[in-house]
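# Tertiary structure, described
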Amino acid sequence: MLDVRRLRILQHLAAYGTVAATADALHLTAPAVSQHLAALQKEAGTPVVEKHGRTLRLTAAGELLVAHTEVILAELAAAESGLAALQSGRRGTVRISAFASAARTLVPPLFERLADPDPDADPARGADSHTGFARDLSLRLSVQEPDEALDELHKRSTDLALVHSYSVLPRSVPAVWEQTVLMEEPVLLALHPDRAAVEGLAAGQPADLSRLAHLPWLTPGPETSCYEMIQRACGAAGFVPDIRASGSDFSVLTALAAVDAGAVLVPRMALPDNTAALSLHPLVRPVSRTVFTVSRAGTGKHPDLRAVLDLLHETATALDDRDGSRPDGASAPSRRPS
């Protein structure tokens, strides 16, 4: 019979790539990991790993076992979630990995309404009047690009990945994972008002990017998916953007646009609170961003994670309703993440 603990080690090897990294993640020694893998091969009756230079890689049998292990671990997680729902008392920790604008707008209410401000205090305190849950969660936030967040989820280093995809840049997520769409938002063109006037754009008027190829452009760094979104949107309009400045924070880019340093394509949620210094325009050929959560299969019913997901959905809905009613808050078409 196959040992679930050894299957989990194999799954970690697939995620982390090396015996040393797998041992470190599981708080084991490298020899112990090797011994467990050798024992698993005996149980399976066929090699599950093979040497490739100085590293190990999965055989076809190993890949098959990892695929089944994901299902097995998901069922175990679902069982643990069911048990947790039956238990009372202080709850646990939820680790969240989120991209920057979501961490700025969607995550703070979680700390305000769910997180325990004093973990050492008496757990028997009243529930939050909005959520109905006691503020007894320990929340841990890591701000990461979507690809990094999904990698952390795969390595079981986070519980919830808050990520995005663009209509021009779909994001692949394993089918076995649980996904929940929080909101759809448009990508807007942000310009200095004087620059918009020169280009013949009235406030809120849809912009044709093909007529703006001559402008200097402001973009996120090339390591980000937002950079690739801008490249693809401009490419679809027939030009390669002349990049004058790049940065990891849209607040920097919109501040530069506000002093006429260039044009920037920015998702609505990443706009600054005060947009008076900017002229904002939906696109003639719309680009939208889908914001969604991803968790490992079987974990979404855990009461701790369920509380986080419910409040994220509530916050995103309120934000979408607020921004959608603004003069610059063009609606985005509804899409499912890919």
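Each remark here, short or long, concerns the structure printed above.
To start, this report covers the structure provided alongside it. No experiment lies behind these values; they were computed from the predicted model shown.

On to the packing of helix 2 (residues 19–26) against helix 3 (residues 30–44), then. In the contact formed by helix 2 and helix 3, the axes pass within 8 Å of each other and the chain directions differ by 105°. One finds that helix 2 runs roughly perpendicular with respect to helix 3. Along the contact surface, helix 2 presents Val19, Thr22 and Ala23, while helix 3 presents Ala30, Val33 and Ser34. By residue class, the composition of the contact of helix 2 with helix 3 is four nonpolar, two polar and no charged.

Here we come to the nonpolar core. Residues Leu189, Leu209, Trp217 and Leu265 are the most contacted members of the largest nonpolar core, which totals 35 residues. Excluding its chain neighbours within four sequence positions, the residues that come into contact with leucine 189 are Leu201, Ala207, Leu212, Trp217, Ala263, Val264, Leu265, Ser279, Leu280, His281 and Leu283. With 27 residues, the next largest nonpolar core counts Leu182, Val291, Leu311 and Leu319 among its residues.

A complete count under the given rule lists 15 salt bridges for this structure. Where arginine 5 meets aspartate 3, a salt bridge forms, and the shortest distance between an N and an O atom there is 3.0 Å. Residues joined by salt bridges that share partners form a network here, namely Arg95, Asp159 and Arg296.

A word on the layout of surface pockets. A volume near 560 Å³ is recorded for the largest pocket. For the largest pocket, the lining is made up of 23 residues, of which Glu80, Arg156, Asp159, Arg296 and Thr299 are closest to its centre. Where the lining of the largest pocket is concerned, the elements lending two or more residues are helix 1 (4–16), helix 4 (60–86), strand 3 (93–98) and helix 11 (303–324). Residue composition of the lining of the largest pocket, by class: eight nonpolar, six polar and nine charged. As for the second largest pocket, its lining consists of 21 residues, of which Ala100, Ser101, Ser248, Asp249 and Phe250 are closest to the centre. Broken down by element, the lining of the second largest pocket gets its largest block of residues, three residues, from helix 5 (residues 100–105).

Calculation criteria
Residues numbered from 1 in each chain as written. Predicted model: local features only at pLDDT ≥ 70, side-chain atom pairs only at ≥ 80, totals over all residues. Heavy atoms only, no water. Axes fitted to C-alpha atoms, helices over the stretch in contact; angles between N-to-C directions. Helix = DSSP H or I, 4+ residues; strand = E, 2+ residues; numbered from the N terminus. Parallel < 35°, antiparallel > 145°, perpendicular 65-115°, else oblique. Contact = heavy atoms within 4.5 Å. Nonpolar A, V, L, I, M, F, W, Y, C, P; charged D, E, K, R; others polar. Core = buried A, V, L, I, M, F, W, Y, C linked by side-chain atoms within 4.5 Å. Buried < 20%, exposed > 50% of the residue type's maximum accessible area, 1.4 Å probe, protein only. Salt bridge = Lys/Arg side-chain N within 4 Å of Asp/Glu carboxyl O. 1 Å grid on protein atoms, 1.4 Å probe; cavity = no way out; pocket = protein on both sides within 12 Å on 5 of 7 lines; lining within 4 Å. Points joined across faces, edges and corners; volume = space filled by probe spheres on them.

That's the geometry; what it means functionally is another story.
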